[in-house]
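# Survey of secondary and tertiary structure
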Amino acid sequence: MPNIKSQIKRDQTNKAANEKNSAAKSELRTAIKKVESYAAAADKENATVALRAAIALLDQASQAGIISANSANRKKSHLAKVVNAIA
């Protein structure tokens, strides 16, 4: 346990940021899994709607610095390919 006031404050902000980032990443993973599950079920309409939502979340996470821009772009590309492959 730190006894320096600034480090105590820093630990508090780090913990809050970690919780916020973890929740955002969890939400991202859920959105990605939703798209993939609709794609596996060959439900193109719902997959397309879920894809739009997932892309929006990925862009927001990228802008906030939660994930890198390259990671967001890679995931968006993968999801688009999965949805476009539905017959």
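Above this text sits the structure in question.
Since we're looking at a predicted model, the values are computed, not measured.

## Some thoughts on the overall build of the protein
In terms of helices and strands, the protein carries 3 helices and 0 strands. Listed by position from the N terminus, the elements making up the protein come as α-α-α. Rg of the C-alpha trace for the protein: 17 Å, well past the compact-globule value of 12 Å for 87 residues, more than 25% over. Taken along its principal axes, the extent of the C-alpha atoms in the protein is 60 × 20 × 15 Å. For the protein, the residues scored as buried account for 23% of the 87 residues in total. Of the contacts made within the protein by residues no fewer than 6 positions apart, 57% connect residues no fewer than 24 positions apart. Here the protein displays about 6,100 Å² of accessible surface, and carbon together with sulfur accounts for 52% of that area. Taken together, the 15 basic and 7 acidic charged side chains of the protein have centroids lying 7 Å from each other.

## Digging into the pattern of salt bridges
For the coordinates displayed, the defined rule picks out 1 salt bridge. Residue Lys76 pairs with Asp59 through a salt bridge whose shortest N-O separation is 2.6 Å. Of this pair, Lys76 sits in helix 3 (residues 69-84) while Asp59 sits in helix 2 (residues 44-64); the two residues are 17 residues apart in sequence, bridging distant segments of the chain.

## Remarks on the nonpolar core
The nonpolar side chains of a soluble globular protein tend to be buried with one another. By size, the foremost hydrophobic cluster in this structure holds 17 residues, and its most contacted members are Val35, Leu58, Ile67 and Leu79. Where this core is concerned, the elements lending two or more residues are helix 1 (5-40), helix 2 and helix 3. When residues of this core are assigned to their parent elements, the largest contribution, 6 residues, is made by helix 2. Among all residues touching Val35, those that are not within four sequence positions of it are Ala47, Ala50, Leu51, Ala54, Leu79 and Val83.

## Some points on helix 3
When the terminal C-alpha atoms of helix 3 are compared, their 22 Å separation across 16 residues agrees well with the 22 Å that a helix rising 1.5 Å per residue should span. What helix 3 keeps buried is the set Ser71, Ala72, Lys76, Leu79 and Val83. In an axial view of helix 3, the angular spread of the buried residues amounts to 130°, which keeps them on one side of the axis. Opposite the buried face of helix 3, by more than 90 degrees, sit the exposed residues Asn70, Arg74, Lys81 and Asn84. Tucked into the core, helix 3 has its buried residues touching helix 1 and helix 2.

About the cut-offs
- Residues numbered from 1 in each chain as written.
- Predicted model: local features only at pLDDT ≥ 70, side-chain atom pairs only at ≥ 80, totals over all residues.
- Heavy atoms only, no water.
- Helix = DSSP H or I, 4+ residues; strand = E, 2+ residues; numbered from the N terminus.
- Rg over C-alpha atoms; globule rule 2.2 N^0.38 Å.
- Buried < 20%, exposed > 50% of the residue type's maximum accessible area, 1.4 Å probe, protein only.
- Contact = heavy atoms within 4.5 Å.
- Areas by Shrake-Rupley, 256 points an atom, 1.4 Å probe, with all protein chains shown as cover.
- Lys, Arg positive; Asp, Glu negative; His and termini not counted.
- Charge placed at Lys NZ, Arg CZ, Asp CG, Glu CD.
- Salt bridge = Lys/Arg side-chain N within 4 Å of Asp/Glu carboxyl O.
- Core = buried A, V, L, I, M, F, W, Y, C linked by side-chain atoms within 4.5 Å.
- Expected span 1.5 Å × (residues − 1).
- Arc of directions from axis to C-beta.

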